[in-house]
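Next come the chains, spelled out residue by residue.
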Amino acid sequence: MSIQKVMVIGAGQMGSGIAQVCAMAGFDVILQDLKQEFLDRGMGIIDKNLQRQVDKDRMTSDEKAAIIARLQPSTDIQSASEVDIIIEAAVENMEIKSNIFKQLDEIAPAHTILATNTSSLPITEIAAVTKRPEKVIGMHFMNPVPVMKLVEIIRGLATADEVYQAIEDMTKKLNKVPVEVNDFPGFVSNRVLMPMINEAIYTVYEGVATPEAVDEVMKLGMNHPMGPLTLADFIGLDTCLYIMEVLHTGFGDDKYRPCPLLRKYVKAGWLGKKSGRGFYKYE
Ligand SMILES: CC(=O)CC(=O)SCCNC(=O)CCNC(=O)[C@H](O)C(C)(C)COP(=O)(O)OP(=O)(O)OC[C@H]1O[C@@H](n2cnc3c(N)ncnc32)[C@H](O)[C@@H]1OP(=O)(O)O
Ligand SMILES: NC(=O)C1=CN([C@@H]2O[C@H](COP(=O)(O)OP(=O)(O)OC[C@H]3O[C@@H](n4cnc5c(N)ncnc54)[C@H](OP(=O)(O)O)[C@@H]3O)[C@@H](O)[C@H]2O)C=CC1
């Protein structure tokens, strides 16, 4: 299976990062989102990241220009008809992802792989809305994509071996490390990470400590690069809540009950860094 042309759906923090690393590795990339303003924001993030590399003399201006030239922003989902793989990075919501996959299945050529960057949703269920479940797979990048080495690869029940192999090969071309895991809620990364973040939110909710104190404990005491509440703000509190809900419903176990304070913040529109306010305030 030869992958040359890539489409990334969703130009948010993950989609823009995925598009960037694909273009840096030499793939032609279509970056698709619903509105031009989201594409402009995503392309702006990519430009800033690449300029940082130029400023640090790790990349020439010509190399940066060549990477940007490989990126084609689009608001048209019909662009899916031209590509070999689609990596979906829209919001963490089953209904939205199902609708996107149904449309992609209609538009994309028969050989095209449909991958999702979902943090927690069942790959098998997403695959089931298409007529090509053997070509559907989870390709879970970590945030910030240009920096983090891991890609968690998740096979759905019907994913073909050659599709898994193509994704593993592509991950290596992106200079990342693939780790294969099975299709269970939250996979490995978020089954382990998110309950820790949720528990940190409970400690604030129950008045055990301030967000600053919780983060200091985990940074200085456990050598985590970011405290769990800073990390929650960085991931997006809406995404954290969606993931906790998937774990809670998927396992039917109350140990995954999302903290009421997390729900309250999301209802208030405090989504973390991306909205300017979460556990902390941002400029
Ligand atoms: C929710 C999910 O489904 C799965 C997930 O993604 S969970 C989240 C996983 N991610 C994490 O846990 C991140 C934890 N945090 C960290 O590892 C670090 O704090 C960090 C890498 C983000 C920043 O590192 P730091 O040492 O504190 O800051 P800093 O020195 O400014 O940055 C280190 C490098 O990362 C780069 N960087 C930092 N943030 C960046 C961003 N948002 N985008 C691109 N590059 C970034 C910097 O440019 C710098 O690059 P160089 O070393 O090449 O100069
Ligand atoms: N944040 C993180 O740390 C990580 C997130 N993920 C996963 O990646 C995915 C994206 O997360 P993230 O980038 O943080 O989210 P963001 O909210 O930053 O970006 C999502 C983008 O997708 C757009 N979008 C929504 N619906 C559609 C659609 N139907 N078609 C095209 N674009 C659409 C959104 O537009 P609008 O603003 O209008 O909604 C937004 O621009 C989620 O599944 C998440 O779970 C995976 C790893 C880490």
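Residues numbered from 1 in each chain as written. Chains lettered and ligands numbered in written order. Predicted model: local features only at pLDDT ≥ 70, side-chain atom pairs only at ≥ 80, totals over all residues. Heavy atoms only, no water.

1. Concerning the domain arrangement of the protein chain
Phase 1: Segmenting the protein chain into domains produces domain 1 (5-182) and domain 2 (194-274).
Phase 2: Placing a centre on the C-alpha atoms of domain 1 and another on those of domain 2 gives a separation of 26 Å.
Phase 3: Residue-level contacts link 8 residues of domain 1 with 6 residues of domain 2.
Phase 4: In terms of surface lost to domain 2, no three residues of domain 1 exceed Gln-13, Glu-92 and Ser-120, which account for 54% of the buried area on that side.
Phase 5: Our count for the contact surface shared by domain 1 and domain 2 stands at 2 residue pairs in polar contact (both at pLDDT 80 or more). (Domains from an automatic or database assignment. Contact = heavy atoms within 4.5 Å. Buried area = accessible area lost by both parts, 1.4 Å probe. Polar contact = N/O pair within 3.5 Å; in protein donor to acceptor, adjacent residues only side chain to side chain.)

2. Digging into the packing of aromatic side chains
The relation between two aromatic rings is expressed through the spacing of the ring centres and the mutual angle of the planes.
Phase 1: This model, assessed by the stated rule, comprises 4 aromatic pairs.
Phase 2: For the pair Tyr-265 and Phe-279, a centre-to-centre distance of 4.9 Å together with 45 degrees between the ring planes defines the contact as tilted. Of the two residues, Tyr-265 sits in helix H11 (residues 260-267) while Phe-279 sits in the segment after H11, which places them 14 residues apart along the sequence.
Phase 3: A residue is classified by how much of its surface remains accessible, and Tyr-265, at 16% relative accessible area, is buried.
Phase 4: Look at Phe-279 and you get buried, because its relative accessible area is 9%.
Phase 5: An aromatic cluster of three or more residues is present, and its members are Tyr-265, Trp-270 and Phe-279.
Phase 6: Lying over the aromatic face of Tyr-164, Arg-155 brings its terminal NZ or CZ to 4.4 Å of the ring centre. (Phe/Tyr/Trp six-rings, centres within 6.5 Å; stacked < 30°, edge-to-face > 60°. Helix = DSSP H or I, 4+ residues; strand = E, 2+ residues; numbered from the N terminus. Buried < 20%, exposed > 50% of the residue type's maximum accessible area, 1.4 Å probe, protein only. Lys NZ or Arg CZ within 6 Å of the ring centre and 35° of its normal.)

3. Regarding the site of ligand 2
Phase 1: Taken together, 25 residues sit near ligand 2, with Asp-33, Glu-92, Lys-97, Ser-119 and Ile-235 positioned nearest.
Phase 2: Between an oxygen atom of ligand 2 and a main-chain N or O atom of Gln-13, the distance comes to 3.1 Å.
Phase 3: Note that an oxygen atom of ligand 2 is positioned 3.2 Å from one of the side-chain N or O atoms of Arg-41.
Phase 4: Coverage of ligand 2 by the protein chains reaches 85% of its 900 Å² of free accessible surface.
Phase 5: Elements with a contribution of two residues or more to the shell around ligand 2: helix H1 (13-24), helix H2 (36-55), helix H4 (94-107) and strand E6 (136-141). (Near = heavy atom within 4 Å. Areas by Shrake-Rupley, 256 points an atom, 1.4 Å probe, with all protein chains shown as cover.)

4. Observations regarding the UniProt feature "site: Important for catalytic activity" (unreviewed entry) in the protein chain
Phase 1: In this numbering, the UniProt entry assigns the feature "site: Important for catalytic activity" (unreviewed entry) to His-140.
Phase 2: Structurally, the position occupied by His-140 is in strand E6.
Phase 3: When its relative accessible area of 3% is taken as the criterion, His-140 is described as buried.
Phase 4: In contact with His-140, other than residues within four places in its own chain, are Thr-116, Asn-117, Thr-118, Ser-119, Leu-150, Val-151, Glu-152, Ile-154, Phe-187, Ser-189 and Asn-190. (UniProt positions renumbered as here; feature names shortened; annotations may be inferred.)

5. Looking at the nonpolar core
Phase 1: One finds Val-6, Ile-87, Phe-141 and Met-170 to be the most contacted residues of the largest nonpolar core, which totals 38 residues.
Phase 2: Among the elements that make up this core, the one with the highest residue count is H1 (6 residues).
Phase 3: Apart from the residues lying within four places of it in its own chain, the contact partners of Phe-141 are Met-14, Ile-18, Val-21, Ile-87, Asn-117, Leu-150, Val-151 and Leu-174.
Phase 4: In this structure, Ile-197, Ala-232, Cys-240 and Ile-243 belong to the second largest nonpolar core, which totals 27 residues. (Core = buried A, V, L, I, M, F, W, Y, C linked by side-chain atoms within 4.5 Å.)

6. Brief notes about the pattern of salt bridges
Phase 1: Under the criterion given, the structure shown has 13 salt bridges.
Phase 2: Of the charged contacts in the structure, one is a salt bridge between Lys-64 and Asp-47, with a shortest N-O distance of 3.3 Å. With a gap of 17 residues between them, Lys-64 in helix H3 (residues 61-69) and Asp-47 in helix H2 connect regions that are remote in the sequence.
Phase 3: For Lys-64, a relative accessible area of 12% puts it in the buried group.
Phase 4: For Asp-47, a relative accessible area of 32% translates into the label partly exposed.
Phase 5: In this structure, Lys-97 engages Glu-92 in a salt bridge whose closest nitrogen and oxygen atoms are separated by 3.8 Å.
Phase 6: For Lys-97, a relative accessible area of 1% translates into the label buried.
Phase 7: When salt bridges with common partners are traced through the structure, they connect Glu-88, Glu-92 and Lys-97 into a single cluster. (Salt bridge = Lys/Arg side-chain N within 4 Å of Asp/Glu carboxyl O.)

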